[in-house]
Amino acid sequence: MKLEEKTILIIEDEQDLADTYKLKLKNAGYNVIIAADGLKALAAVKENKQIDLILLDLILPQRSGFSLLKDFKENPESEKIPIFILSNLSLEKEIDQGLKLKADKYLIKTDYTPEKIVNLVNEYFAGK
Amino acid sequence: MAFIISLIITVLLDILILYLGLLVFKKNPQGKINQIFFILAFAILSWIVFNFLENEISYLPLAAFFLKLDFSTGPLIVSFFLLFAVYFPDRAEILAIWKKILLAAVCALFAILPFSNLLLNNFTIKNRGIRYEEGSLYEAYAIFLLGMIMWGSYILIKKYLSYTGQKRLQVIYVLVSFGLTGLITAVINLFFSNSLPIEVSRIGIYCFIIFIGSTTYAMVRHHLMDIRVIIQKSLVFTFLLVIISVLYALIVFSVNFIAKGLSLNWLIFSAALTVIILSFTLPVLEKKFTKLTDKIFFKAPIDYKEALKTLSYIFATEIKLPELVKKTRQFLQKTFKIDLVSFYFSASIKKYYRISSADKNKIYFLPAKGSYLAKYFTSQSSVSKIIARDDLEWQAAADKTKIARKMILEMDALKGDLVIAIFGQKELLGIICLGHKLDDNPYFSQDIEWFDIIAKQLGLALETSLLYENLEDLVAERTEQLKQANQKLKQISAAKSEFVSVASHQLKTPLSVIRNIFSLLKDGDLGKVTAKQSDYGQRGFKQSEKLIKLVKMLLNISRIETGRLNLELSKSNLDPIIKEHLPMFETLAKQKKIQIQFSPGLDNRLFNFDKNLIGEVIDNLLDNAIKYTPQGKIIIKSQKIGKLARVSISDTGLGIKPDNLKELFQRFIRGSDKKKIAIAGTGLGLYFCRRVIEVHNGKIWAESPGLDKGAVFIFELPMIK
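Position numbers for residues start from 1 in each chain and track the written sequence from start to end. In the order they appear in the text, chains get letters beginning with A and ligands get numbers beginning with 1. Given that this is a predicted model, residues contribute local features only at a pLDDT of at least 70 and side-chain atom pairs are listed and counted only at 80 or more, while totals for whole chains, interfaces and linings are drawn from all residues. Calculation of side-chain values draws on the structure's entire complement of heavy atoms; hydrogens and water are dropped beforehand.

**Here we look at the overall build of chain B**
Okay, so step 1: Looking only at helices and strands, chain B has 22 helices and 14 strands in total.
Okay, so step 2: Here chain B holds 721 residues, and 47% of them are scored as buried. Comment: elements are numbered from the N terminus, with helices defined as DSSP H or I runs of at least four residues and strands as E runs of at least two. Working definition: with a 1.4 Å probe on protein chains only, accessible area under 20% of the residue-type maximum means buried, over 50% means exposed, and in between means partly exposed.

**Notes on the sheet that holds strand β6 (residues 418–423) of chain B**
All names here are of chain B.
Okay, so step 1: A sheet is described by the order of its strands in space; here 5 strands give the open sequence β4-β3-β7-β6-β5, paired in mixed fashion. Each edge of the open sheet carries a strand with a single partner, namely β4 (364–365) and β5 (386–388).
Okay, so step 2: Paired strands are those between which DSSP finds at least two bridges. The pairing of β5 with β6 spans 3 bridges and is classified as antiparallel. Residue pairing for β6: I387 is matched across the bridge by V419.
Okay, so step 3: Should any heavy atoms of two residues lie within 4.5 Å, those residues are counted as being in contact. Every axis in this analysis is a line fitted to C-alpha atoms, fitted for helices over the stretch in contact. Angles between the N-to-C directions lie between 0 and 180 degrees. Those strands touched by helix α15 (residues 403–414) are β3 (341–345), β5, β6 and β7 (428–434), and its axis lies near 90° from that of β5.

**Details of a negative patch on the surface**
All names here are of chain A.
Okay, so step 1: Think of a patch as exposed residues, more than 30% relative accessible area, with no salt bridge, where like charges cluster within 9 Å and nonpolar side chains (Val, Leu, Ile, Met, Phe, Trp, Tyr) cluster within 5 Å. Note on areas: Shrake-Rupley with a 1.4 Å probe; residue coverage comes only from the protein chains shown. For this document, the term salt bridge refers to a Lys or Arg side-chain nitrogen within 4 Å of an Asp or Glu carboxyl oxygen. Positive charges come from Lys and Arg alone, negative charges from Asp and Glu alone, with His and the N- and C-terminal ends not counted. For this purpose, a charge sits on NZ of Lys, CZ of Arg, CG of Asp or CD of Glu. Side chains of D13, E14, D16 and D19 sit close together on the surface and give a patch of like negative charge.
Okay, so step 2: Its place among the elements puts D13 in the loop between β1 (7–11) and α1 (15–27).
Okay, so step 3: Residue classification places D13 among the partly exposed positions, given a relative accessible area of 36%.

**Brief notes about the interface of chain B and chain A**
Okay, so step 1: Residue-level contacts link 20 residues of chain B with 21 residues of chain A.
Okay, so step 2: Accessible-area loss on putting two parts together, using a 1.4 Å probe and summing over both, is the definition of buried area adopted here. Interface area, chain B with chain A, both sides summed: about 1,800 Å², of which 53% is carbon and sulfur.
Okay, so step 3: Area buried by chain B at its contact with chain A is led by N516, D525 and E568 of chain B, which between them contribute 26% of it.
Okay, so step 4: Put simply, chain B and chain A have 3 salt bridges between them.
Okay, so step 5: A salt bridge links D111 of chain A to K552 of chain B; its shortest N-O distance comes to 2.5 Å.
Okay, so step 6: Side-chain atoms alone can form a polar contact between residues adjacent in sequence; in general such a contact is a pair of N or O atoms within 3.5 Å, and within protein one must be able to donate a hydrogen while the other accepts it. Here chain B is connected to chain A by 8 residue pairs in polar contact (both at pLDDT 80 or more).
Okay, so step 7: Any residue outside Ala, Val, Leu, Ile, Met, Phe, Trp, Tyr, Cys, Pro, Asp, Glu, Lys and Arg is labelled polar, Gly included; the first ten of those are nonpolar and the last four are charged. Split by residue class, the side of chain B that touches chain A holds 6 nonpolar, 5 polar and 9 charged.

**Observations regarding the confidence of the model for chain B**
Residue and element names in this part refer to chain B.
Okay, so step 1: What pLDDT reports is the predictor's confidence in each residue, on a scale of 0 through 100. Per-residue pLDDT for chain B averages 80, and the proportion of residues at 70 or more is 84%.
Okay, so step 2: When mean pLDDT is taken per element in chain B, strand β14 (residues 712–718) scores highest with 92 and helix α21 (residues 674–677) scores lowest with 48.
Okay, so step 3: Note on residues 222–227: pLDDT is under 50 here. Beyond four places in sequence and across chains, it has 17 contacts.
Okay, so step 4: In the predicted structure, residues 674–680 sits below a pLDDT of 50 and forms 17 contacts with residues beyond four places in sequence or in another chain.
Okay, so step 5: Here the predicted complex scores 0.44 on pTM and 0.87 on ipTM.

Written out as structure tokens, the structure reads:
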């Protein structure tokens, strides 16, 4: 699989933050879409059949990250898309809930620089 | 000699009767009953005088005249006795006006009768004393007197039966004394006056002092205890005298009968016989009589000494105000057999004593204004600290300001027959209201003397108790204030922690953005950068990483402080975690040429802890060790000590003054040494470590031989049970 074909959806309401990750991922050769709220995220998933990974924030306008996660994982069209939660919620109960809802990874924003994200994503796709 | 004794007795008796009559009259000159009693006493007095004169005067016509006067006072006495019986202590309407007139007429008739021959005639003087023969109407006269007496007695008995309480008691005094007097007098005077020696027959007359005395007592009563004692003693004395006299008369009579003529020898013999008989029987009789009169006058004698002892003990041992009052009340009630004993605090006590809600039903107060009793006791003019309701009744009759009447009303409202004022050092603390004695007895002067003593003691005890309650109150009040202040502080602290928590969380996102931007900048993701730009990008990146770490720590501290930290405990081995954290410090250590050594010693034993938090503790401790060690070595050691895992991080750095060792772990404290202050730090790290270790039920401390001698930071975590 060629890297250029990979599309990553970043669901993040903080534009500046989303942009830093987007920039680094783009530089690493990924196609990046940003959705700034829950509804836009749903629409983006519907429109783009070819999403290979979702980076999901939890605190979002319109729909919470958890409910989006549930939707994506219950919908046959999107259930196979890997989802990494990327949030600053770091309590065990929150992490547990995310993993219970079948998130593929749970990442804490403060621990993940764009560089680390790119490394992780690269590793993930390489391992697949 | 006998004449002089008779004279002295008569004069003394008359003076006494006159005094008692006036005493009653003066109490209330307007009162009908007082007037009647005064006339009655005067009639009896006259009668005694006439009786004396008739017997002591040797001139026959004059002696006969006094004898007639003597007999004519009889109807007067019985008539006024009847009137007295009607009016005493309350008027009983039983006589229609025509009956009164008829009665007065009959009385007047019998009063004149002695001056005719129909009652008395053939007067002679024998030895000392006049003798007479009975006329044809003598029996009628005697029956009239007895009839009147019986009528009066009947009225009194009826009253006695219908009354209760004090009035009943008053009536019984009059009845008993009159019954006794009347009996003795009637027997001796009426039937044996001619046959008995004059001295013996006089006893009947003297007996009237019993009646007058006890009636006076019944009317003036209250705590005129002395009269009561006099009456009791004189009753016993009279009884004995009567017995001696009767015995002597009997012996003389029998001896006379047997010996037919009275020689001196026989007289001596009979006197000796009397003395012998009496010497054996008198003490026994006296005891019996005393017991009998005790029963009448003193129903249940109180052991005042014992009572004082018991009550003093209560005063000395009971410090709580409501308990002190309750126990005193109960004791008085039980000891004196009183239907109700209540305690009312003076309203002014409220300023010293705040009643707790628990005591609200146990403590009573006099009204703040309008307590006439309180006013009376606190006024300058008040002499007594104890007032009896009966005393007030007398005062009320003469009192124009009606204050006594108002005091009576107040006493009735409080159900008190006797009120005792309790004074402290300076002011009236309250009053004790003693109700009615269950045995209907009044309060005796002994009772009152005793109350006077206990009132003073109780005053002291109450004052002490008030002081104590005050102190308790004060302590309670201050404690409450402290509690509130503490609560407020806690709230403020919680609000602060909450703020820190929210703020920290909000800080995380912008800080992540800044850090990410620096990261992109330094890595050339935003376009080509010079080495200098990259260097400064790196610095910005590092500082923002630090800031993120600090914010995380703040968040954790605030979570611990507000109790909202959910420890994410897992059974883990500590050694690998320490190992994991070492590489982060390698670069820094290398720069400072510090050697880091780790000797693990926990042998895969599992401990229960939050990996992230303990990891941060290790980070903090290592960070500190490197920061405060200009060069040298840092040795990390883990070992098992009993059931504890101990981790020590020792350095060869600046060391710590012994004084500062303990406060190191407090918030915002760093070593006070200047060198250290020059080194950047937040002063939060060790506090964070302490809080984290503490929530793990562990211990953390520092050891140092002194400045520039390095330091060891040690923490211990308990093993899994």
